[in-house]
Amino acid sequence: MAHDPISAFLRQTYEDSLTFLLPRNKGVIQSNEIKELQGRYKPTGTISIDKDEMSIKLYYDNEQTDPYSWNGKYNLQFR
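Read on for a plain summary of the structure. Here the structure is a predicted model, which means the values were calculated and not measured.

Counted by the stated rule, this structure contains two aromatic pairs. Measuring from centroid to centroid gives 6.2 Å for Phe 20 and Tyr 68, while their planes differ by 35°, and the two rings are tilted. Residue Phe 20 is located in the loop between α1 (5-10) and β1 (27-30), and its partner Tyr 68 is located in the loop between β3 (53-60) and β4 (72-75); the two are separated by 48 residues in the primary sequence. Ring geometry for Tyr 60 and Tyr 68: centres 4.2 Å apart, planes at 15°, overall stacked. Linked through ring pairs, Phe 20, Tyr 60 and Tyr 68 together constitute an aromatic cluster.

Before going further, it helps to examine the pattern of salt bridges. The tally for this structure, following the rule as stated, stands at one salt bridge. We note a salt bridge from Arg 24 to Glu 33, for which the minimum N-O separation is 2.8 Å. Judged by relative accessible area, Glu 33 falls into the partly exposed class, the value being 29%.

Rules used in this analysis
Residues numbered from 1 in each chain as written. Predicted model: local features only at pLDDT ≥ 70, side-chain atom pairs only at ≥ 80, totals over all residues. Heavy atoms only, no water. Phe/Tyr/Trp six-rings, centres within 6.5 Å; stacked < 30°, edge-to-face > 60°. Helix = DSSP H or I, 4+ residues; strand = E, 2+ residues; numbered from the N terminus. Salt bridge = Lys/Arg side-chain N within 4 Å of Asp/Glu carboxyl O. Buried < 20%, exposed > 50% of the residue type's maximum accessible area, 1.4 Å probe, protein only.

These results come straight from atomic positions and should not be treated as a statement about function.
Right, dumping it as structure tokens:
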């Protein structure tokens, strides 16, 4: 994914990351099972992991219930 239109045109990308503390590495994980990180709104929604694919459908539990910018499907590489 490109960071901005110029990077897309130049075919440059950057690495980014987000860390979740999850209780297991397969199945559907409800938001109440995700350990809370200090200074953030508690999430609502789910994370689904099936083999080497993960689907994130999380929302910030604030007054507006805003979606996480990380929502979507990802291919996993276990280390």
